[in-house]
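Structural characterization, general
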Amino acid sequence: MGFKALCFGLFCVLFASHIYIPIPDNIEERWKVMALDAVAKTCTFMGMFENMGIMRYEEFISMIFKLDYTQPHSDEYVTVTDTAFTDIPVHLYLPKRSEIPRRSVIYLYGGAYCFGSCKQTAFNFLNRWTANKLDAVVVGVDYRLSPQHLFPAQFEDSITAVFFLQDKILTKYGVDSNRICISGDSSGDTEILKMSKNYSIMQNDLEIKHKIKIQALLYPHLQVIDSYLPSYENEHGIVLTRDIAMKLVSLYLTKDETFPQTMKRNQLSLESRHLFKFVNWSTLLPKKYKKDHVYTEPILERTSYSLPALMDIRVSPLLATDSQLQSLPLTYILTCEYDNLRDDGLMYVSRLQNVGVQVVHEHIEDGFHGALSYMRLPLYLHLGVRIRDMYISWLDKNL
């Protein structure tokens, strides 16, 4: 009995040491964040089930996410309906106030391309809040998910949201064609920028006359070719770790299970060298965020392994040329200090400023990735509400 108790105690100590990371002193509601981070890290132990052939990590996490789905229902302020644009499910949030025409927001949720839905409690709440506070028609797009549907399925589905911009649909829902925003968080931001860069082509193909007035990116994920940015070098992170981020990107792009290790080693094929200048953090990051980090280019090698998606701007919007960026609308970018993806957003701010695009940047010194998911009980954090209010305030002033 004593030996078993000793073994159990040692296991508990090892387990705790594995999931524990120091929480920075300026983090609000530290014990809540610590508990949340511990739960997220514990979920990574589901990798043991993969080795046993019981359940894959992404299947387990997807199952957890689905427990948080809500059925659409209307209330005294907002009518919520499920419909589809060219067979892609969308959720429409229509304010019950009588002012017409209204503003409109197309929202693409984040979930690492693998998880989630507009039906998640947090995103449903955010879209309702947006519709009510801004008297805006909000469109939430439920795109297909990896690994069942690899890239570019998510792009193909998200682009269907542009059908919303056709005259007959805007008229049907009472939308002002000059006051339309596309916005999203995390991986949803990648889909936003794909839409923006392809917009002129789509206008010709779909006979769409109206332009997107503004776009808003909340802690965006914008590139996959350099995994050694200063913010990425925080191996552990809060909630989102570097290893988990790489695993999820891999699930989005390929069925090759060795790819996460390739990313971790920062290995790329020789033909990608010309793209490094677009993600060179030594020239794009403000001095404050470089600190003592030393820039090293990704490792180039001749290899039979090839994944063209790595060099596709639909996967890494930061790889867009200056001329491609110049046509973008007024852009809002929010970044978080304790986010492994922080530097993606910071570099994008620099690139947009360098080509003359109007950009508003807000940085949350005590923020971390995915904070908007924590606005409702039992996962309530003041941080999530604070980011929501900053985002809604900017939309209200600029849309």
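Our structure's up above, just so we're on the same page.
Structural notes, computed from the coordinates. (Residues numbered from 1 in each chain as written. Predicted model: local features only at pLDDT ≥ 70, side-chain atom pairs only at ≥ 80, totals over all residues. Heavy atoms only, no water.)

1. Things to note about the packing of aromatic side chains
Per the counting criterion, the structure on display carries 11 aromatic pairs. Here the aromatic rings of Tyr332 and Trp394 are separated by 4.9 Å at their centres, their planes lie at 25°, and the arrangement is stacked. Residue Tyr332 is located in strand E9 (residues 330–338), and its partner Trp394 is located in helix H16 (residues 382–398); the two are separated by 62 residues in the primary sequence. For Tyr332, a relative accessible area of 0% gives the class buried. Overall, the relative accessible area of 7% leaves Trp394 in the buried class. (Phe/Tyr/Trp six-rings, centres within 6.5 Å; stacked < 30°, edge-to-face > 60°. Helix = DSSP H or I, 4+ residues; strand = E, 2+ residues; numbered from the N terminus. Buried < 20%, exposed > 50% of the residue type's maximum accessible area, 1.4 Å probe, protein only.)

2. Brief notes about unusual backbone geometry
In this chain, Phe151 is followed by Pro152 through a cis amide linkage whose omega measures 10°. Inspection of the secondary structure assignment puts Pro152 in the loop between strand E4 (136–141) and helix H6 (153–158). Omega for the peptide link from Leu377 to Pro378 comes to 10°, which places this bond in the cis form. Within the fold, Pro378 resides in the loop between strand E10 (359–368) and H16. Phi is positive for Asp135, close to 50°, though the residue is something other than glycine. One can find Asp135 in the loop between helix H5 (121–134) and E4. The buried category is assigned to Asp135, whose relative accessible area is 10%. Backbone geometry places Ser186, a non-glycine residue, at a positive phi of 55°. Residue position: Ser186 is located in the loop between strand E5 (175–185) and helix H8 (187–197).

3. Considering a nonpolar patch on the surface
On the surface, Met63, Ile64 and Leu67 cluster together into a nonpolar patch covering about 300 Å² of accessible area. If you trace the backbone, Leu67 turns up in the loop between helix H4 (57–66) and strand E1 (78–85). The exposed category is assigned to Leu67, whose relative accessible area is 70%. (Patch = residues over 30% accessible without salt bridge, like charges linked within 9 Å, V, L, I, M, F, W, Y side chains within 5 Å. Areas by Shrake-Rupley, 256 points an atom, 1.4 Å probe, with all protein chains shown as cover. Salt bridge = Lys/Arg side-chain N within 4 Å of Asp/Glu carboxyl O.)

4. A short note on the environment of Arg386
Position of Arg386 among the secondary structure elements: in helix H16. Arg386 has contacts with Glu28, Ile364 and Asp366, leaving out every residue within four places of it along the chain. At 2.9 Å, the side chain of Arg386 forms a polar contact with the side chain of Asp366. (Contact = heavy atoms within 4.5 Å. Polar contact = N/O pair within 3.5 Å; in protein donor to acceptor, adjacent residues only side chain to side chain.)

The values are spatial; any link to function lies outside them.
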